[in-house]
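Summary of structural features
Take a look at the letters that make up each chain.
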Amino acid sequence: GQQLNQSPQSMFIQEGEDVSMNCTSSSIFNTWLWYKQEPGEGPVLLIALYKAGELTSNGRLTAQFGITRKDSFLNISASIPSDVGIYFCAGQRVSGGSNYKLTFGKGTLLTVNP
Amino acid sequence: DAGITQSPRYKITETGRQVTLMCHQTWSHSYMFWYRQDLGHGLRLIYYSAAADITDKGEVPDGYVVSRSKTENFPLTLESATRSQTSVYFCASSDRGINEQFFGPGTRLTVL
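If you're wondering where the values come from, they're calculated on a predicted model, not measured in any experiment.

1. Structural notes on the overall build of chain B
- Along its length, chain B carries 0 helices and 11 strands.
- Traced from its N-terminal end to its C-terminal end, chain B shows the element sequence β-β-β-β-β-β-β-β-β-β-β.
- Taken over C-alpha atoms, the radius of gyration comes to 13 Å for chain B, in line with the 13 Å a tight globule of 112 residues would show.
- Judged by the C-alpha coordinates and their principal axes, chain B covers about 40 × 25 × 25 Å.
- Residues classed as buried in chain B amount to 52% of the 112 residues present.
- Long-range pairs, those at least 24 residues apart, make up 55% of the contacts in chain B between residues at least 6 apart in sequence.
- Of the accessible surface of chain B, which amounts to about 5300 Å², a share of 48% is contributed by carbon and sulfur atoms.

2. Let's talk about the state of the cysteines
- Applying the stated criterion to the full structure yields 2 disulfides over all chains.
- Through a disulfide, A:Cys23 is tied to A:Cys89; the S-S separation comes to 1.6 Å. As the torsion about the S-S bond is roughly -80°, the A:Cys23-A:Cys89 disulfide counts as left-handed. Placement of the pair is A:Cys23 in strand S3 (residues 19–24) and A:Cys89 in strand S9 (residues 85–93), with a sequence separation of 66 residues.
- In this structure A:Cys23 comes out as buried when scored by relative accessible area, which is 0%.
- Each disulfide pairs two cysteine sulfurs, and for B:Cys23 the partner residue is B:Cys91, the sulfurs being separated by 1.9 Å. Given an S-S torsion of about -75°, the disulfide between B:Cys23 and B:Cys91 has left-handed geometry. Of the two residues, B:Cys23 is situated in strand S3 (residues 19–25) and B:Cys91 in strand S9 (residues 87–94); the sequence distance between them amounts to 68 residues. Pair check on accessibility: B:Cys23 and B:Cys91 agree, each one buried.

3. Focus: the sheet that holds S3(A)
Residues and elements named next belong to chain A.
- Taken in spatial order, the 5 strands of this open sheet run S1-S3-S8-S7-S6, and their pairing is antiparallel. In this open sheet, the two strands that pair with only one neighbour each are strand S1 (5–7) and strand S6 (55–58). Shown here is a sheet whose adjacent strand axes are inclined to one another by a mean of 15°, direction ignored.
- Pairing analysis gives 3 bridges linking S1 to S3, with the strands arranged antiparallel. Residue glutamine 6 lies in a different strand from S3, and its bridge partner there is cysteine 23.

4. Let's talk about the interface of chain A and chain B
- Every contact between the two is made by 23 residues of chain A and, on the other side, 23 residues of chain B.
- Surface buried jointly by chain A and chain B totals about 1900 Å² across both partners, of which 52% is contributed by carbon and sulfur atoms.
- Applying the counting rule to chain A against chain B returns 0 salt bridges.
- Seen at the junction of chain A and chain B, the total is 6 residue pairs in polar contact (both at pLDDT 80 or more).
- Contributing elements (two or more residues each) for the side of chain A that touches chain B: strand S4 (29–37), strand S5 (44–49) and S9 of chain A.
- Among the elements that take part in the side of chain A that touches chain B, S4(A) stands out by supplying 5 residues, more than any other.
- A class-by-class count of the residues in the side of chain A that touches chain B yields 10 nonpolar, 10 polar and 3 charged.

5. Re the pairing of strand S6 (residues 54–57) of chain B
Residues and elements named next belong to chain B.
- Alignment of strand S5 (residues 42–51) against S6, held across 4 bridges, turns out to be antiparallel. Each residue of the ladder has a partner; that of serine 49, found in S6, is threonine 55.
- Connecting the antiparallel pair S5 and S6 is a turn made up of 2 residues, with aspartate 53 showing a positive phi of about 70°.

6. Thoughts on the sheet that holds strand S8 (residues 76–78) of chain B
Residue and element names in this part refer to chain B.
- Taking strand neighbours across the sheet as the criterion, the 4 strands line up as S1-S3-S8-S7 in an open arrangement whose pairing is antiparallel. The open sheet is flanked by strand S1 (4–7) and strand S7 (64–66), the only strands paired with a single partner. Ignoring strand direction, the axes of neighbouring strands in this sheet form an average angle of 20°.
- Relative to S3, S1 runs antiparallel, the two sharing 4 bridges. Looking across to S3, one finds that glutamine 6 is bridged to cysteine 23.

7. Describing the packing of aromatic side chains
- In this structure the tally under the stated criterion is 12 aromatic pairs over all chains.
- Taking 6.1 Å as the distance between ring centres and 75° as the angle between the ring planes, the aromatic pair formed by A:Phe104 and B:Phe103 counts as edge-to-face. Placement of the pair is A:Phe104 in strand S10 (residues 103–104) and B:Phe103 in strand S10 (residues 102–103), with the two residues belonging to separate chains. The residues A:Phe104 and B:Phe103 share a single accessibility class, namely buried.
- Among the aromatic residues, those joined into a cluster by ring pairs are A:Tyr35, A:Phe104, B:Tyr31, B:Phe33, B:Tyr35, B:Tyr48, B:Phe90 and B:Phe103.

About the cut-offs
Residues numbered from 1 in each chain as written. Chains lettered and ligands numbered in written order. Predicted model: local features only at pLDDT ≥ 70, side-chain atom pairs only at ≥ 80, totals over all residues. Heavy atoms only, no water. Helix = DSSP H or I, 4+ residues; strand = E, 2+ residues; numbered from the N terminus. Rg over C-alpha atoms; globule rule 2.2 N^0.38 Å. Buried < 20%, exposed > 50% of the residue type's maximum accessible area, 1.4 Å probe, protein only. Contact = heavy atoms within 4.5 Å. Areas by Shrake-Rupley, 256 points an atom, 1.4 Å probe, with all protein chains shown as cover. Disulfide = S-S within 2.5 Å. Pairing = 2+ DSSP bridges. Axes fitted to C-alpha atoms, helices over the stretch in contact; angles between N-to-C directions. Buried area = accessible area lost by both parts, 1.4 Å probe. Salt bridge = Lys/Arg side-chain N within 4 Å of Asp/Glu carboxyl O. Polar contact = N/O pair within 3.5 Å; in protein donor to acceptor, adjacent residues only side chain to side chain. Nonpolar A, V, L, I, M, F, W, Y, C, P; charged D, E, K, R; others polar. Phe/Tyr/Trp six-rings, centres within 6.5 Å; stacked < 30°, edge-to-face > 60°.

Spelled out as structure tokens, the structure:
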């Protein structure tokens, strides 16, 4: 199945720095979701986006639904050690066949150095 | 407890054995999903269900069987486990008309 192109694959940053990651696709999506997964746990939904151009925040996290509907961005401001984890993007394609199936990126591994 | 739960959390089995992974959600969500997560492949959809008694194949269904006799339960069975089925399995659910999926804590399965 199709995978979203998520980048970067990993990031190693200092506490207090801002972080940016993105997902791109050749297909148009009508929903973008961002998840965080910590070791030994399931992915937890952080932000959901439903409209092109939409900008949504959740605390220090901000995500945007790209205008072309083929990409999405996640920013984390003033990172802290508990931000460590794998961040996944997921999207539902406009013409994806069966309803409610999501396409996932392979994740961005974030490490924060205190 | 409210939410989505999976059992067991850890399982070790042998090649050829039948294994059933359980998933239970208390939200009465219509849709339920089974994924496997492997390094280098990310999350891959095994099976999903739109409602009780309605199931459909995902991206990697071979070697797996599902059923959904009740809305809240969605068990995944490996009929004859193989080493390639060693993975972390996640169950997820979503409500009708909503694309947001909510994940369980996962089951780590090792097939020896």
